Amino acid sequence: MNFKNMSIRKSLIVGFGTTILVSAIIIVAALIMMNVQKNAYSNIIDKYVEANELASNCRIDYNLAARSLRDAVLSGETTENLRTFNTRLEQLSGHLSNLDSAYPLDNKSELTAFENQVNAWMSEARTISQVISTDRSRASEMIVSTCTPALQVAATAGDALAEKLRDEQDAIIQQQNMISNVSLVIIVVVMVLATVVVLLMATKIIRSIVEPSTQVRGALVGFSQGNLTVPVNYVGKNELGEMCEALRTSQQVLNSVIKDISGTTAQMARGNFDVELTATFPGDLKPIQDSINQFVIRMSETISNISQSADQVSAGSEQVSNSAQALAQGATEQASSVEELSATITDISENAKKTAVSAEQAGQSVHEAGSQITTSVEYVKQLNVAMGNISSSSQEIGKIIATIENIAFQTNILALNAAVEAARAGSAGKGFAVVADEVRNLATKSDEAAKATKDLIDGSMDAVREGAEAVDKVTSSLERTSELAGGVIGMMENVVHAVESQTQAIIQVTEGIDQISAVVQTNSATSEECAAASEELSSQANIMHQLMAEFKVSSRLGGGFSSSYSAPAPSYQSSSPSWDDDGGDYTGGASDNPFTSAKY
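The secondary structure content of the chain amounts to 9 helices and 2 strands. Listed N to C, the secondary structure of the chain is α-α-α-α-α-α-α-α-α-β-β in terms of helices and strands. Scored against the burial criterion, the 600 residues of the chain give a buried share of 39%. Sequence separation of at least 24 residues holds for 76% of the intrachain contacts in the chain that already meet a minimum separation of 6. For the chain, the exposed surface amounts to about 32,800 Å²; the carbon and sulfur share of it is 54%.

The subject of this paragraph is the nonpolar core. Judged by nonpolar contacts, the single largest core of 40 residues is most densely connected at L69, F114, W121 and I128. Sequence-distant contacts of W121, defined by excluding residues within four places in its chain, comprise Y62, A65, A66, F85, L89, L92, C147, A150 and L151. In this structure, F273, A279, M299 and A436 belong to the second largest nonpolar core, which totals 38 residues.

The tally for this structure, following the rule as stated, stands at 2 aromatic pairs. Residues Y62 and F114 carry aromatic rings whose centres are separated by 6.3 Å and whose planes lie at 50 degrees to one another, so their mutual orientation is tilted. Placement of Y62 in helix α1 (residues 8-75) and of F114 in helix α3 (residues 109-132) is noted, with a sequence separation of 52 residues between them. The residues Y62 and F114 share a single accessibility class, namely buried. Judged by centre distance (6.1 Å) and plane angle (55 degrees), the rings of Y62 and W121 are tilted.

For the coordinates displayed, the defined rule picks out 5 salt bridges. Linking R59 and D159 is a salt bridge whose minimum nitrogen-to-oxygen distance equals 2.4 Å. Of this pair, R59 sits in helix α1 while D159 sits in helix α4 (residues 136-224), placing them 100 residues apart in sequence. For R248, the salt bridge identified is with E245, shortest N-O distance 2.6 Å. Placement of the pair is R248 and E245 together in helix α5 (residues 239-269), with a separation of 3 residues, close to one helical turn.

Further remarks concern the side chain of S129. Locating S129 in the fold gives a position in helix α3. For S129, a relative accessible area of 14% puts it in the buried group. Beyond its immediate chain neighbours, meaning those up to four positions away, S129 contacts L69, L82 and F85.

To continue, consider α5. Here α5 contains 31 residues, and its C-alpha end-to-end distance of 43 Å stays within 8% of the 45 Å for a straight helix at 1.5 Å per residue. Restricting attention to buried positions, one finds in α5 the residues L240, G241, C244, L247, R248, Q251, V257, D260, I261, T264, T265 and M268. Count one or two residues on from α5 and you reach G271, which has phi positive near 90 degrees.

Turning our attention to the side chain of D61. Considering the arrangement of structural elements, one finds D61 in helix α1. Owing to a relative accessible area of 3%, D61 belongs among the buried residues under this scheme. Polar side-chain contacts of D61 include one of 2.3 Å to the side chain of H95. Non-local contacts of D61, meaning those with residues more than four positions away in its chain, are made with R88, Q91, L92 and H95.

A surface patch of nonpolar side chains, about 540 Å² in accessible area, is lined by L21, I25, M178, V182, I186 and V190. Breaking the nonpolar patch down by element, the ones donating at least two residues are α1 and α4. Take the nonpolar patch: its biggest share by element is 4 residues, from α4. Secondary-structure assignment places I186 in helix α4.

Bringing the packing of α3 against α4 into the picture now. For any two helices packed against each other, one specifies the inter-axial angle together with the distance between the axes. Across the interface, α3 lies against α4 with an axial gap of 8 Å and an inter-helix angle of 165 degrees. Considering their axes alone, α3 and α4 lie roughly antiparallel with respect to each other. Note on packing geometry: the crossing formed by α3 with α4 is left-handed. Considering only residue class, the contact of α3 with α4 consists of 19 nonpolar, 4 polar and 5 charged.

Below, the discussion takes up the confidence of the model for the chain. Atom-level detail of predicted coordinates should not be read off regions where pLDDT is low. Residues at a pLDDT of 70 or more form 84% of the chain, whose mean pLDDT is 76. Mean pLDDT across the elements of the chain ranges from a minimum in strand β1 (residues 578-579), with 39, to a maximum in α3, with 87. The low-confidence segment residues 559-600, where pLDDT is below 50, has 82 contacts with residues more than four positions distant or belonging to other chains.

Turning to the packing of α4 against α5, a few remarks are in order. Contact geometry for α4 and α5: axes closest at 10 Å, N-to-C directions at 20 degrees. Judged by the inter-axis angle, α4 sits roughly parallel to α5. Handedness of the α4/α5 crossing: left-handed. Along the contact surface, α4 presents S208, I209, P212, S213, V216, A219, L220 and F223, while α5 presents L240, M243, C244, L247, Q251 and L254. Each residue belonging to the contact of α4 with α5 can be placed in one class, and the counts come to 11 nonpolar, 3 polar and no charged.

Glancing now at α4. Along α4, the largest kink reaches about 45 degrees and is centred on I143. Positive phi shows up at G226, right after α4, with a value of about 85 degrees.

Glancing now at the environment of V73. Within the secondary structure layout, V73 lies in helix α1. Given a relative accessible area of 5%, V73 falls into the buried group. Linking V73 and A139, residues 66 residues apart in sequence, is a C-alpha distance of 6.7 Å. Those residues in contact with V73 that lie beyond four places of it in its chain are I128, I132, R136, A139, S140 and I143.

In this fold, V235 is placed in the loop between α4 and α5. A residue is classified by how much of its surface remains accessible, and V235, at 58% relative accessible area, is exposed. Put simply, V235 and E245 are 10 residues apart on the chain and 7.4 Å apart in space, counted from C-alpha to C-alpha.

One can find T84 in helix α2 (residues 78-102). Judged by its relative accessible area of 30%, T84 falls in the partly exposed class. Here the alpha-carbon distance between T84 and A72, two residues 12 residues apart in the chain, equals 10.0 Å.

Parameters and conventions
Residues numbered from 1 in each chain as written. Predicted model: local features only at pLDDT ≥ 70, side-chain atom pairs only at ≥ 80, totals over all residues. Heavy atoms only, no water. Helix = DSSP H or I, 4+ residues; strand = E, 2+ residues; numbered from the N terminus. Buried < 20%, exposed > 50% of the residue type's maximum accessible area, 1.4 Å probe, protein only. Contact = heavy atoms within 4.5 Å. Areas by Shrake-Rupley, 256 points an atom, 1.4 Å probe, with all protein chains shown as cover. Core = buried A, V, L, I, M, F, W, Y, C linked by side-chain atoms within 4.5 Å. Phe/Tyr/Trp six-rings, centres within 6.5 Å; stacked < 30°, edge-to-face > 60°. Salt bridge = Lys/Arg side-chain N within 4 Å of Asp/Glu carboxyl O. Expected span 1.5 Å × (residues − 1). Polar contact = N/O pair within 3.5 Å; in protein donor to acceptor, adjacent residues only side chain to side chain. Patch = residues over 30% accessible without salt bridge, like charges linked within 9 Å, V, L, I, M, F, W, Y side chains within 5 Å. Axes fitted to C-alpha atoms, helices over the stretch in contact; angles between N-to-C directions. Parallel < 35°, antiparallel > 145°, perpendicular 65-115°, else oblique. Left-handed = near helix turned anticlockwise from the far one by under 90°. Nonpolar A, V, L, I, M, F, W, Y, C, P; charged D, E, K, R; others polar. pLDDT = per-residue confidence, 0-100. Bend = angle between axes of the 7 residues up to and from the residue.

Written out as structure tokens, the structure is:
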């Protein structure tokens, strides 16, 4: 019997059913044997013992009857003895009749001989009982001559009958003992054979259960230790066979899934996000495949957006650097012009004392000074406009830096969520956790660089604001100087009489020019610092772009990116990210931000 193709329930039913059936057969055989012995002994008791007892009663009856008859003959008391005699004969007749009915043997020769002898003696005894009353002596002779010999013959026949019954009884008892012994041997043999059969079936059942259970246990222990290659070779059509087949299928599926995840995460660790889990993830494993594929797409989107932002930062910083350099060059030229104007005013102050002899030259010089002051006013206005442009550019750079910080913050959150998912995955997510850690480090470095750049831009904006205030002052001073120069031109005809006033005015102009020179020098230094900060920002943007170029994004986004990508970055709203009232979900500050399409 093949228990491998039999269900466990059926195997146990067969095993226990066989044991119960064998036990029932043994019990029934024992009961049958006991019933046979009981019937045999009941037959002996009911027939042979009864027949022996009736034969004994017959012998007792005719012995007592013979004694009563003898006492009647010898004592002469005939009435009482004859009554006892007749009573015994009646009892003897009844016992003979019962003996004939209860005699158990088919061969009744001994019974017939016994009955004939007893009847012959009874006939002689009745004859003697009739003779006693008339002739006691004759009765006495008859007792000696006929009655006693007949009684002895009857006793001999009774002994023969009793011996025959005992022999038959002993033969039946011996036969029953032999049957009992044979039955006992048969039962013992049946028990031994049944025990052997039950043991063989139990061994097969145990082996059919223990063998697959041992293999399943080894495979499950291997599962707990991360080993999916423990062999499960048991094949059967019962529950254990199906369980082993399911376990083998689970090993194959998990091996395929783990190899796919390992290969994918290895590619991600090398910066290649153009990967996808292609193995079959059945049942509850399907969300893992979907989550990793979604993570690859989200990381690709994030890296693409960071790269685009880096391109925009690089382009903006280059523009700021060019503007700052142009501003610095203009400030240098303006400082040179102011120095020249200061030297001219000094000459005017020296020549003012000689106004009487060189009034015409002084007038020309005043006209030149007025023209130069007008030019300086225009330059200062241009400087003010350039300062405003620098301030606007700095604000735009601040917005870009805020966007970079927002991207770094969201990248850090993604890396944190990835680390949490990797921790949930256990040992299978170690490589994924390394990638999440590298992304988080990169986001941290980007945030630090953005903060440093923001600090430099904030310093530059403060310096620009100070320069703007100084330019406003210079503008006011130049306008005032222009008004004074106009007054000097109007008063040239009375220059001789106004030498002292003109000298005083020239002194005031000289002081204003000195102030303008100081402000221009400050603006020049500030412009140079702004240019240096812009170059540093451009360098950091290039470094960020080089880092982003090491990644390969998923082709499922509709195209990757390269280091030369210069498309405009997505325009995010200026509202800052916030956490909802429950403190659980993060929402971005703009509806068109690609990272706000899901909750983290």
